[in-house]
Amino acid sequence: MGIRAIGANIASKVASPFTRKSTSTNPFEHNSFSGRVFKGSALISADLFQTKKVKEASKLKMMSASVVAAVSNFGHKISQPIVNFARNVKAGINNTILAIKSVPQKVNEIGKNVSNKISENLEKLHVHKEHKEEAKDAVKILNMHQISTKASVADLKSTWLEENKIEAARKVSKEVA
Amino acid sequence: MNKKVRKIIETLGKHEDTEAIAVLEELGTNSQDDEVRELTSQVLVRKNIHDALKVVIINKGKGINDMSPVVAMSTINEILNLENKSEAIRILDDTINMHSDEEVRENARSVKSLLSLS
């Protein structure tokens, strides 16, 4: 027996326990058909071809699990500063909202003050106008010398009305007498 | 009618302010005193403008349509004495053709006949 043959035997002896311990579901894997020709038709979707896929799936699962863990760790590590940042932002927004809410009140107060001042001034103006109108409407009775085309129609009218009143009073006094 | 009222009416008749016509219509032509109505109608005719002549021609109970014959005749006489009668004739024509009251239309027709004869 040469060295090559010994090597081959050893290789077959060493290799066989691993093959028997395989978890594969392939029924033809344990060499029961070794040296024979398989005449049947092999299906593409048979269990024979699933071993590699299972391994790949397990690898993928491991990888995904590690990625998830890494992400969760990362999230945990950065979550505290983010929470603090979010709290600060929230506090800032609340302050801003309060400030905005307080602004209309100030504007309203300013508006009320302005409107009060305007109304006061308008009242003053109205009173002033009323005084002027009263002065205008004041009956001006003209005497004989003042009755001319230079006198205003309003004054002439008021004088005429006054004369009518005097005339009516005279008639009443005559009737009573 | 006292002197003061007479002077006021005559002054309003000469006044340039058109508001004077409204005052004459309001206080003069609605007065209970015949003399006041007569004088008021006369000064309104003498103004010889559309708004003044309209008062004494188309209004029932005023001017030529006054219930007092003295006032009506005095107003008609004043119209006959007008130098330029064109505006008075125009208003009389409109009154004859368009006024709703038959009595007013008849009075206007009579005055227009008198004007054509004069």
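Small disclaimer: the values here were computed from a predicted structure and weren't measured.

S.K.: Is there a simple way to explain the layout of surface pockets in this structure?
M.R.: Empty space left among the atoms is revealed by rolling a probe the size of a water molecule over them. What the largest pocket holds in volume is close to 360 Å³. Considering the residues around the largest pocket, the lining is formed by 14 residues, among which A:Asn164, A:Glu167, A:Lys171, B:Ser31 and B:Asp33 are closest to the centre. When residues in the lining of the largest pocket are grouped by element, the largest group, six residues, is from helix α3 (residues 153-176) of chain A. Classifying every residue of the lining of the largest pocket gives six nonpolar, four polar and four charged.

S.K.: So what exactly am I meant to see when it comes to the packing of helix α1 (residues 3-14) of chain B against helix α3 (residues 34-47) of chain B here?
M.R.: Angle between the axes and distance between the axes are the two parameters that describe a pair of packed helices. All names here are of chain B. Interaxial distance between α1 and α3 falls to 9 Å at its minimum, and their mutual angle equals 20°. Between α1 and α3, the angle is such that the two are roughly parallel. In this structure, the crossing between α1 and α3 has a hand that is right-handed. Two secondary-structure elements touch here, α1 through Val-5, Arg-6, Ile-9, Glu-10, Leu-12, Gly-13 and Lys-14 and α3 through Glu-35, Val-36, Leu-39, Thr-40, Val-43 and Lys-47. Residue composition of the contact of α1 with α3, by class: six nonpolar, two polar and five charged.

S.K.: When you look at a nonpolar patch on the surface in this model, what are you seeing that I'm missing?
M.R.: Together, A:Ile110, A:Val114, A:Ile118, A:Leu122 and A:Leu125 make up an exposed nonpolar region whose accessible area comes to about 480 Å². Mapping A:Ile110 onto the fold places it in helix α2 (residues 51-137).

S.K.: Just checking my understanding: could you explain the interface of chain A and chain B for this structure?
M.R.: Bring the parts together and some accessible area is lost; that lost area is often taken as the interface size. Of the residues lining the interface, 17 residues belong to chain A; the matching set on chain B comes to 21 residues. Taken together, the two surfaces of chain A and chain B that pack against each other cover about 1,600 Å², and 74% of this comes from carbon and sulfur. When the buried surface of chain A facing chain B is broken down by residue, A:Met144, A:Val153 and A:Trp160 rank first, second and third, together holding 43% of it. Across the contact surface, chain A and chain B share two salt bridges. Of the charged contacts, one joins A:Glu163 and B:Lys4 as a salt bridge, the two residues approaching to 3.4 Å between their closest N and O atoms. Where chain A packs against chain B, one counts seven residue pairs in polar contact (both at pLDDT 80 or more).

What counts, and where the lines are drawn
Residues numbered from 1 in each chain as written. Chains lettered and ligands numbered in written order. Predicted model: local features only at pLDDT ≥ 70, side-chain atom pairs only at ≥ 80, totals over all residues. Heavy atoms only, no water. 1 Å grid on protein atoms, 1.4 Å probe; cavity = no way out; pocket = protein on both sides within 12 Å on 5 of 7 lines; lining within 4 Å. Points joined across faces, edges and corners; volume = space filled by probe spheres on them. Helix = DSSP H or I, 4+ residues; strand = E, 2+ residues; numbered from the N terminus. Nonpolar A, V, L, I, M, F, W, Y, C, P; charged D, E, K, R; others polar. Axes fitted to C-alpha atoms, helices over the stretch in contact; angles between N-to-C directions. Parallel < 35°, antiparallel > 145°, perpendicular 65-115°, else oblique. Left-handed = near helix turned anticlockwise from the far one by under 90°. Contact = heavy atoms within 4.5 Å. Patch = residues over 30% accessible without salt bridge, like charges linked within 9 Å, V, L, I, M, F, W, Y side chains within 5 Å. Areas by Shrake-Rupley, 256 points an atom, 1.4 Å probe, with all protein chains shown as cover. Salt bridge = Lys/Arg side-chain N within 4 Å of Asp/Glu carboxyl O. Buried area = accessible area lost by both parts, 1.4 Å probe. Polar contact = N/O pair within 3.5 Å; in protein donor to acceptor, adjacent residues only side chain to side chain.

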